[in-house]
Amino acid sequence: MLIKRANDILSSEITPEPLYHNRRQFIRTAGAAAAGLAVGSIIEQPLRRLSALEQQDWKPKQKSPFDTDEKLTPYKDITTYNNFYEFGIDKDDPAENAQNFKTKPWSVKVEGLAKKPAAYNLEDLLKGITLEDRIYRMRCVEAWSMVIPWLGFPLSELFKKFEPLPKAKFVEFTTLLDSNQMPGQKRPYLNWPYVEGLRMDEAMHPLAIFAVGLYGKELPNQNGAPFRLVVPWKYGFKGIKSIVKIRFVENQPVSTWTQANSDEYGFYSNVNPSVDHPRWSQSSERRIGEFFKRKTLMFNGYGEYVEHLYAGMDLKRYF
Ligand SMILES: Nc1nc2c(c(=O)[nH]1)N[C@H]1C(S)=C(S)[C@@H](COP(=O)(O)O)O[C@H]1N2
Ligand SMILES: [Mo]
């Protein structure tokens, strides 16, 4: 996601899309191109810094019903090419700046329309919950995508502990607010803390999970430790990281990106190749580690599982 600053808008107009997402990378590439090297091989290089060790022999413990068989994005890329503005806006900032982020102990406040609102300790909440490997396609609104083996569990597993009331039509999530630990919050990139939301029926869908790990390991800080939302049929920004508050509400929450720009980021944010972002097309995407773009699929390819949630809705209006 881009912050509208003069230099971003300018570079997006003069640079092929896969290049301008990372300004440092752009500068490296521009320099090399000027020296007469083939651009293709250079773009791939910084995205393919695989040590391979961590992922070489990795296999999911079991197959989950929604798994994709597509090639997994390397661990190295998943953990060094991140969006987590609390730790900086360049893709490699979070891996660098989130190293010492303290995620234990972690308290989660549950508020609003539920029978058991309280402050819970995350470790207590996770007791009795079965973690599953789930291999999902993820798609960022900036048109890059990854295939990530998450370790997680359906939201519904956790929510039943809180007993939401029938009046709760939406759920709102909030990220930690702590500018001492999250230096990005000292700058007005967004209205802090980061907030996201789902309609209750979306949240209760078994494809919507909380992730506590990836590649069978604990979630790295830059990917949203200690736990984050994963909604694979929606654009990446719905996947709010490092959650400290879950609030059950009657009215549709206002998510941070909608607040920042309601023409560009709607509440639903379902992956939809026929609804363009006002500043760029959403019809194709580049899988991280690949050079050629591929066509983006409606609901990110999960339509058969989720399209019933939106029956009768005009998805151009409710984007
Ligand atoms: N709190 C918080 N959550 C966030 C973000 C953020 O900046 N802050 N970025 C979002 C965006 S735009 C994307 S694409 C995904 C990226 O997740 P990843 O870095 O694990 O791939 O996280 C989402 N969750
Ligand atoms: Mo994103």
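All of these numbers come straight from a predicted model, not from anything done at the bench.

### Section: unusual backbone geometry
- Note the cis peptide between K104 and P105, where omega equals -5°.
- Among the structural elements, P105 can be located in the loop between α6 (93-97) and β1 (107-112).
- Cis geometry is found at the peptide bond from A225 to P226, where omega equals 0°.
- By the element assignment, P226 lies in the loop between β8 (217-218) and β9 (228-230).
- The backbone of A143 sits at a positive phi, close to 80°, despite the residue not being glycine.
- By secondary structure assignment, the location of A143 is in the loop between β3 (132-139) and β4 (144-154).
- On the accessibility criterion, A143 (4% relative accessible area) is buried.

### Digging into the packing of aromatic side chains
- The tally for this structure, following the rule as stated, stands at 26 aromatic pairs.
- Ring centres of Y85 and Y189 lie 6.3 Å apart, and the angle between their planes is 70°; this geometry places the pair in the edge-to-face category. Here the residue Y85 occupies a position in the loop between α5 (75-78) and α6, and Y189 occupies one in the loop between β5 (170-175) and β6 (195-199), the gap between them amounting to 104 residues. With respect to class, Y85 is no different from Y189; both count as buried.
- Note on F87 and F101: the rings are 5.4 Å apart at their centroids and 70° apart in plane angle, and the pair reads as edge-to-face. Remark: F101 occurs in the loop between α6 and β1 and F87 occurs in the loop between α5 and α6; sequence separation between them is 14 residues.

### Brief notes about the pattern of salt bridges
- Per the stated rule, a full pass over the model turns up 20 salt bridges.
- For the salt bridge of E111 with K245, the shortest nitrogen-to-oxygen distance reads 4.0 Å. Of this pair, E111 sits in strand β1 while K245 sits in strand β10 (residues 243-249), placing them 134 residues apart in sequence.
- A relative accessible area of 27% places E111 in the partly exposed class.
- In this structure, E285 and R139 form a salt bridge, with 3.5 Å as the shortest nitrogen-oxygen distance. Of the two residues, E285 is situated in strand β11 (residues 284-287) and R139 in strand β3; the sequence distance between them amounts to 146 residues.

### As for the side chain of T68
- Tracing the backbone through its elements, the reader meets T68 in the loop between α4 (39-47) and α5.
- Residues within four places of T68 in sequence aside, it is in contact with I135, Y136, R137 and V147.

### A word on the nonpolar core
- Ranked by size, the top nonpolar core spans 82 residues in total, and within it F159, F173, F210, I246 and F248 carry the most contacts.
- Those residues in contact with F159 that lie beyond four places of it in its chain are P164, V171, F173, M200, A203, M204, F210, I246 and F248.

### Considerations on the environment of N82
- Structurally, the position occupied by N82 is in the loop between α5 and α6.
- The residues touching N82, leaving out its near neighbours within four places in the chain, are D90, K91, P94, Q222, N223 and K241.
- For N82, the side chain forms a polar contact with the main-chain oxygen of I78, separated by 3.1 Å.

Rules of the game
- Starting afresh in each chain, residues are numbered from 1 along the sequence in its written order.
- Think of it this way: whatever chain is written first is A, whatever ligand is written first is 1, and the rest follow in order.
- Predicted model: local features are reported for residues with pLDDT of at least 70 only, side-chain atom pairs are reported and counted for 80 or more only, and whole-chain, interface and lining totals are derived from all residues.
- Excluding hydrogens and water, the side-chain values take into account all heavy atoms of the structure.
- For helices the rule is a DSSP run of H or I covering at least 4 residues; for strands it is a run of E covering at least 2, with both sets numbered from the N terminus onward.
- Burial status follows relative accessibility: with a 1.4 Å probe on protein chains alone, a residue under 20% of its type maximum counts as buried, one over 50% as exposed, and anything between as partly exposed.
- When two rings of Phe, Tyr or Trp (its six-membered ring) have centres within 6.5 Å they constitute a pair, described as stacked for plane angles under 30 degrees, edge-to-face for angles over 60, and tilted for the intermediate range.
- Just to be clear on terms, a salt bridge is a Lys or Arg side-chain nitrogen sitting within 4 Å of an Asp or Glu carboxyl oxygen.
- Every residue pair with non-hydrogen atoms within 4.5 Å of one another is taken to be in contact.
- By nonpolar core we mean a set of buried residues, namely Ala, Val, Leu, Ile, Met, Phe, Trp, Tyr and Cys, connected to one another through side-chain atoms within 4.5 Å.
- N or O atoms within 3.5 Å of each other form a polar contact, as long as, within protein, one can give a hydrogen and the other can take it, and as long as residues adjacent in sequence are counted only when both atoms are side-chain atoms.

Keep in mind that these numbers describe shape and distance, not what the molecule does.
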